[in-house]
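Letter by letter, the chains look like this.
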Amino acid sequence: MTTTAAPNAAPNAASAAAPPGRARIRTVYRWEIAKLTAQMRTRATLTVCLVAPFLFVVLLDQQSQVPKDTLFGRWVHASGFATPLFLLGFATQWVFPLLTSIVAGDIFAGEDQYGTWKTILTRAHSRTQIFWGKTLAAGSFAVLTVTVLALSSLAAGVLLVGHQPLEGLSGTLLPSGRAAGLVLAAWATALIPLLGFTALAVMLSVVTCNSAAGIVGPVVIGLIMQLYSFLNGSDAVRHLLLATPFDAWHGLLRDHPYYGPLWQGALVSAGYLAICLAVAHTVLRRRDITGG
Amino acid sequence: MAAAPAVDARGLVKRFGDLTAVDHVDLRVEVGEVYGILGPNGAGKTTFLRMLFGLIRPDAGRLDVFGRTWARDGPATLAGVAGFVESPRFYPYLSGRRNLELLAGFDGADAATAATAIDRVLNVVDLADRATDKVGGYSFGMRQRLGVAASLLREPRLLVLDEPANGLDPAGIRDMRALVKRLAASGLTVLLSSHNMDEVEEICDNVTIMSAGRVAFHGSIDALRAQAPDPAHRLATSDDERALDLAAEHPGVSLTRHPDASLALRARADVADAYLIALGRAGIAVRELTLEVAPLESLFFMLTDPDRQDAGDRAAAAPVPSARAGAHR
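Owing to the predicted nature of the structure, the values given are computational and were not obtained by experimental measurement.

Novice: I'm lost on the overall build of chain B in this one. Help?
Specialist: Within chain B, the regular secondary structure consists of eleven helices and 14 strands. With the principal axes as the frame, chain B shows a C-alpha extent of 75 × 45 × 40 Å. For chain B, the proportion of its 329 residues judged to be buried stands at 54%. Across chain B, contacts joining residues at least 24 apart in sequence account for 67% of those joining residues at least 6 apart. For chain B, the exposed area adds up to about 13,600 Å²; of that, 50% sits on carbon and sulfur atoms.

Spelled out as structure tokens, the structure:
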């Protein structure tokens, strides 16, 4: 090895230049985005979100039967706008929790897996700054995947089936422009509980330090919630489940739209978000990093 | 006003359940020192360093780094400090260079400044030609060197290295020690943790020896040498009985029966030389003379593992220095 003159008593240039507060959170955020961009898993997820709706429409087009039992299933050959709504109904079952937990469930536990907590926590950033930078990155990825899936579903339906008017849930035909707007609005409502699931995955990732638990946990919890909603259980409990707000978009497709479930779902999701992130933040701040 | 020491620990305690990993440790590293923390595995060295880096919190005591504390200054405590605890870890799916770029960004460096600094530190650790390879394909030694490079990126005043030669092959150990010595020679304060007496003796000015979480010795390497017992040799001669008789005529020579049917010789080097010459003059041939335990190694075992039954020859053991009480200067 050859060495150059090592820096000595000069003040730490890197540390001196390090920005304070929110700018440090942005630094962590950019760092996480760069890491996510380099990972095959995240690129593969985005590719699937982009391609899967087109494959679905092509496969459906080759079948004479339509999935009549599913919301908007009977109209998937009649209007391209039915495709994204049909897929939205399907995705809320378990796809959304999986999409968000692929990153959120691993973003903290991955540092345990690679033993890299000590690498990043010895660079003069606080655990709080690292927590928020990572959480924002996980949330961004969740929003990005659902946005890609929404736009891809809409594009697949319109390009491969057509932009015929869509029959709403009250039985009246919605003109193409209005149908497109409602489709996007319906997908947008899914973002609220999606972020609740993101927070749940973040919490599991921090608390268990295990990527598998962080990724599978929210999917299992989401399925259990779905299962409960199919049972004849208490309405009060059902309204408190994070899976319930995924159905709030139904009210938008009525002749007389109703928004009650949306607001209720937003409150429930916010509750999950706040509680899960508070638990995760507290655990991360107090944790002794002994591994790696 | 005198400059604050690089590290100043007082009464530091860390418990994990019933286990006290660090037990009222006092330790002080002055600016510009090359300081060793020596101890067997489980002595509490790494726990101490993890507390220094803020990875774990002490249960009691105080730890100042350049006059700053985690309780008061938070992560700013690490301004001017870099290093690694146990083996350095990186993201295996990124190249060595990309890892360094992200770490430089973490430290607030802009892209141009970071690129120059990364080129420099990669050259220092001889990794420039493998910088674009993914870290997942690096050998253990390359990751150790990348860890040093990542530390130098912060332009530290205090470099903390935990077992830097651990897991390296002999050539890697030689290179790593040479690198640390060159860095130390440039005036950097170095805190080196090791379980290897030779390594600390070769590199460090001062040392704290830890055993079972407590300070067993604190002082300079020279002071440690002064307290070390005489070297122990295994001796085989053509006539062991006469050799034993002759030893009785040489003050300072301790010669006893060795368990493997040879003799155990313990004496200061010059006294041993005189005795061996006398053996030759008496017509007694020396058939084997093997160094069993080096003096410092022998002292290390006595300090850290008094129950150890080995060639350290407890019978000839020197008194254990009572350095604990005065460990904190």
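Novice: I keep staring at the nonpolar core and nothing clicks. Help me out?
Specialist: In summary, soluble globular proteins display a tendency toward joint burial of nonpolar side chains. In this structure, F96(A), L253(A), V7(B), F48(B) and L191(B) are the most contacted members of the largest nonpolar core, which totals 160 residues. A total of 14 residues in this core trace back to one element, the largest contributor, which is helix α8 (residues 176-208) of chain A. Judged by nonpolar contacts, the second largest core, of 15 residues, contains L235(B), A243(B), L265(B) and A278(B).

Novice: Explanation requested: the interface of chain A and chain B in the structure shown.
Specialist: Each partner contributes residues to the interface: chain A has 47 residues there, and chain B has 49 residues. Surface buried jointly by chain A and chain B totals about 4,400 Å² across both partners, of which 59% is contributed by carbon and sulfur atoms. Where chain A packs against chain B, one counts two salt bridges. Here D288(A) ties to K14(B) by a salt bridge, and the two come within 2.7 Å at their closest N and O atoms.

Novice: Would you mind showing me how to read the domain arrangement of chain B here?
Specialist: How big an interface is tends to be stated in terms of accessible area lost as the parts join. Domains assigned within chain B are domain 1 (7-226 + 301-324) and domain 2 (232-293). If you average the C-alpha positions of domain 1 of chain B and of domain 2 of chain B, the two centres end up 41 Å apart.

Novice: Looking at this structure, how should I read the sheet that holds strand β2 (residues 19-29) of chain B?
Specialist: Paired through backbone hydrogen bonds, the strands of a sheet run either parallel or antiparallel to each other. Residue and element names in this part refer to chain B. In spatial order, the strands read β2-β1-β4-β5; together these four strands make up an open sheet with antiparallel pairing. The open sheet terminates on both sides in strands that have one partner only, identified here as β2 and β5 (68-69). Taken together, the two bridges between strand β4 (residues 60-65) and β5 define a ladder with antiparallel strand orientation. Counted as the bridge partner of V65 is R68 from β5. Packed on one face of the sheet, helix α1 (residues 45-52) meets β1 (7-16), β2 and β4 and runs near 115° to β1.

Novice: Help me understand the confidence of the model for chain A, please; the structure alone is not making it clear to me.
Specialist: In low-pLDDT regions, the fine details of the predicted coordinates are not to be read closely. Of all residues in chain A, 93% attain a pLDDT of 70 or more, and the chain-wide mean is 89. Here residues 1-18 of chain A scores under 50 on pLDDT; set against residues more than four positions off or in separate chains, the count is 47 contacts.

Novice: What am I meant to see in the pairing of strand β10 (residues 214-220) of chain B here?
Specialist: Two faces, one strand: in a regular strand the side chains alternate between the faces of the sheet. Residues and elements named next belong to chain B. Most of β10 sits out of view: five of its seven residues are buried. The sheet contact formed by strand β9 (residues 206-211) and β10 spans six bridges and is antiparallel. Note on β10: the bridge partner recorded for T208 is H218. In sequence, β9 turns back onto β10 through a hairpin of two residues, with A212 there showing a positive phi of about 50°.

Novice: How do you make sense of the state of the cysteines when you look at a structure like this?
Specialist: Covalently bonding the sulfur atom of one cysteine to the sulfur atom of another cysteine gives a disulfide. A complete count under the given rule lists zero disulfides over all chains for this structure. Not part of a disulfide, C209(A) finds its nearest cysteine sulfur in C276(A), a span of 16 Å.

Novice: I tried to follow the sheet that holds strand β12 (residues 254-257) of chain B on my own but got confused; where do I start?
Specialist: Residue and element names in this part refer to chain B. With antiparallel pairing, the four strands of this open sheet are ordered in space as β12-β13-β11-β14. The sheet is open, and its two borders are formed by β12 and β14 (286-293), each paired with just one other strand. Within this sheet the neighbouring strands show an average axis-to-axis angle of 25°, counted without direction. Note: strand β11 (residues 232-237) against strand β13 (residues 263-266), four bridges, orientation antiparallel. Bridge pairing in β13 links R234 to A264. The sheet strands contacting helix α10 (residues 269-281) are β11, β12, β13 and β14, and the helix crosses β11 at an angle near 0°.

Reading the values: rules and limits
Residues numbered from 1 in each chain as written. Chains lettered and ligands numbered in written order. Predicted model: local features only at pLDDT ≥ 70, side-chain atom pairs only at ≥ 80, totals over all residues. Heavy atoms only, no water. Helix = DSSP H or I, 4+ residues; strand = E, 2+ residues; numbered from the N terminus. Buried < 20%, exposed > 50% of the residue type's maximum accessible area, 1.4 Å probe, protein only. Contact = heavy atoms within 4.5 Å. Areas by Shrake-Rupley, 256 points an atom, 1.4 Å probe, with all protein chains shown as cover. Core = buried A, V, L, I, M, F, W, Y, C linked by side-chain atoms within 4.5 Å. Buried area = accessible area lost by both parts, 1.4 Å probe. Salt bridge = Lys/Arg side-chain N within 4 Å of Asp/Glu carboxyl O. Domains from an automatic or database assignment. Pairing = 2+ DSSP bridges. Axes fitted to C-alpha atoms, helices over the stretch in contact; angles between N-to-C directions. pLDDT = per-residue confidence, 0-100. Disulfide = S-S within 2.5 Å.

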